[in-house]
Amino acid sequence: MTFPKPIAGIVFDMDGLLFDTEPLYYDAMCHAASAEQLDMPRALYLSMVGLPWESTRAQLRSHYGSAFAAEDFCERVKRHYSDLLGGDVRLKSGVMELLDCLDSRRLPRAIATSSERMSVEHHLAAHDLNGRFDVIVAAGDYTDGKPHPAPYLLAAARLGVDASSCLALEDSHNGVRSASAAGMMTIMVPDILPPTEEMRHLCAFIAQDLHEVRQLITSS
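Basis of the calculations
Residues numbered from 1 in each chain as written. Predicted model: local features only at pLDDT ≥ 70, side-chain atom pairs only at ≥ 80, totals over all residues. Heavy atoms only, no water. Salt bridge = Lys/Arg side-chain N within 4 Å of Asp/Glu carboxyl O. Helix = DSSP H or I, 4+ residues; strand = E, 2+ residues; numbered from the N terminus. Buried < 20%, exposed > 50% of the residue type's maximum accessible area, 1.4 Å probe, protein only. 1 Å grid on protein atoms, 1.4 Å probe; cavity = no way out; pocket = protein on both sides within 12 Å on 5 of 7 lines; lining within 4 Å. Points joined across faces, edges and corners; volume = space filled by probe spheres on them. Nonpolar A, V, L, I, M, F, W, Y, C, P; charged D, E, K, R; others polar. Polar contact = N/O pair within 3.5 Å; in protein donor to acceptor, adjacent residues only side chain to side chain. Contact = heavy atoms within 4.5 Å. Pairing = 2+ DSSP bridges. Axes fitted to C-alpha atoms, helices over the stretch in contact; angles between N-to-C directions. Parallel < 35°, antiparallel > 145°, perpendicular 65-115°, else oblique. Left-handed = near helix turned anticlockwise from the far one by under 90°. Arc of directions from axis to C-beta.

**Student:** Hey, could you run me through the pattern of salt bridges in this one?
**Tutor:** As a working rule, side chains carrying opposite charge can pair if their charged atoms are close by. By the definition in use, this model includes 14 salt bridges. Salt-bridge contacts for Arg 158 lead to Asp 141; the nearest nitrogen and oxygen are separated by 3.9 Å. Linking Arg 158 in helix H7 (residues 150-159) with Asp 141 in the loop between strand E3 (135-137) and H7, this pair joins segments that are 17 residues apart in sequence. The salt bridge partner of Glu 198 is Arg 177, with a shortest N-O separation of 2.8 Å. Pair noted here: Glu 198 is in helix H9 (residues 197-202) and Arg 177 is in helix H8 (residues 173-181), with a separation of 21 residues, a long-range link. Taking the relative accessible area as the measure of exposure, Glu 198 reaches 36% and is therefore partly exposed. Owing to a relative accessible area of 28%, Arg 177 belongs among the partly exposed residues under this scheme.

Below, the structure is given as C-alpha cells:
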C-alpha cells in the first residue's frame, strides 16, 4: 500500500500491541471484582480498553454506582496484575522484527500509552528494549488521555516530527480514535477488540499482526 505521506516517525501503543497484557488486565479486574462479590462483565472491561485511569474510574462508577470505591478497586487490580505477570510479560509477535526494520530505516519512534511509566519501563526491561524507543509518553505526561489526541500529539512533538507524518500503531478503539484525532496515519492491529466500521474508516489499514505492519512499511 501507499501511505498518504512519507513516514517520518512511528508512535506505538503498548498494552495489547507490544505486549500481551490485555488478558492479564481482564483477569486482574475479574479477581478484584470477585473479592467484593461483584461481576465484571466482559463488555464493561472492553469498554475500558485503552482508557486512562480517570476514564476507567468513571466507567466503573457508572456501572457499580457513584459510591463505588474505585481507588481501592484499582489497587487490588494492580496487585493481582503484578502477581499474574510473575516478573515477566509476553512480547507480541513481530515486535523485534519491526524494530529492526525501523532501525535500518533510521525512523524515530515513541510509545504513547495510558499505562504508568513504571509499567512501561518494567515491560521494556524484561525484553531488553529500553534503548529501542526514543520517546515514552505515559500516564501523567498529559492532561487528557485517550481517546483525546493529546498523548499522540505530545509523542509527535517530543519526536520533533509533524503528527501528520507519523504512523500510529494501535490495538484498541479508543487508541485509534486518539491517533486519528491527532492527524496521524493509523494502523489498527486488533488484539481483543475486533475492527468495526468506525475503525476501518479512521485507519489507513487494518493489519493482522506486526509482521504485516513491517511488510506495509517496507513496501511503501
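Further notes follow.
**Student:** Explanation requested: the layout of surface pockets in the structure shown.
**Tutor:** A probe matching the size of a water molecule, rolled over the atoms, marks out where space remains unfilled. Estimated volume of the largest pocket: approximately 950 Å³. Lining the largest pocket are 39 residues, with Tyr 25, Lys 78, Ser 114, Ser 115 and Glu 116 positioned closest to its centre. Contributions of two or more residues to the lining of the largest pocket are made by helix H1 (22-35), helix H2 (42-48), helix H3 (53-64), helix H4 (70-85) and helix H6 (117-126). Of all the elements, H4 adds the most residues to the lining of the largest pocket, at nine residues. The class makeup of the residues in the lining of the largest pocket is 16 nonpolar, 13 polar and ten charged.

**Student:** Please explain the side chain of Arg 109 as it appears in this structure.
**Tutor:** Within the secondary structure, Arg 109 sits in strand E2 (residues 109-112). Here Asp 103 takes part through its side chain, which lies 2.7 Å from a polar atom of the side chain of Arg 109. If we ignore the near neighbours within four places in the chain, the residues touching Arg 109 are Ile 10, Phe 12, Leu 99, Leu 102, Asp 103, Arg 132, Phe 133, Asp 134, Val 135 and Leu 159.

**Student:** What's the story with the pairing of strand E1 (residues 9-12) in this structure? I'm lost.
**Tutor:** Residues in a regular strand point their side chains to alternate faces of the sheet. With burial as the criterion, each face of E1 is covered, one bearing Gly 9 and Val 11 and the other bearing Ile 10 and Phe 12. Looking at chain direction, E1 and strand E4 (residues 166-170) are connected through four bridges and run parallel. The residue of E4 that forms the bridge with Gly 9 is Cys 166. As defined by bridge partners, E1 adjoins E2 across three bridges and the pair is classed as parallel. In the sheet register, Phe 12 faces E2, and the bridge partner there is Ile 111.

**Student:** I tried to follow the packing of helix H5 (residues 95-105) against helix H10 (residues 210-219) on my own but got confused; where do I start?
**Tutor:** Between two packed helices, the angle of one axis relative to the other and the distance separating the axes together describe the packing. In contact at an axis separation of 8 Å, H5 and H10 are set at 20° when each is read in the N-to-C sense. Relative to H10, H5 is oriented roughly parallel. For the element pair H5 and H10, the recorded crossing hand is left-handed. Residues Val 95, Glu 97, Leu 98, Cys 101, Leu 102 and Arg 105 of H5 lie in contact with H10, whose contacting residues are Leu 210, His 211, Val 213, Arg 214, Ile 217 and Thr 218. When its residues are assigned to classes, the contact of H5 with H10 shows seven nonpolar, two polar and three charged.

**Student:** How should I be thinking about H6 in this particular structure?
**Tutor:** The α-helix advances 3.6 residues per turn, and as a result positions three or four apart in sequence lie on the same side. Buried within H6 are the following residues: Ser 119, Val 120, His 123 and Leu 124. Axial view of H6: buried residues confined to an arc of 125°, hence all on one face. Buried residues in H6 make contact with H4, E2 and E3. With its phi angle positive at about 55°, Asp 128 sits one or two positions after the end of H6.

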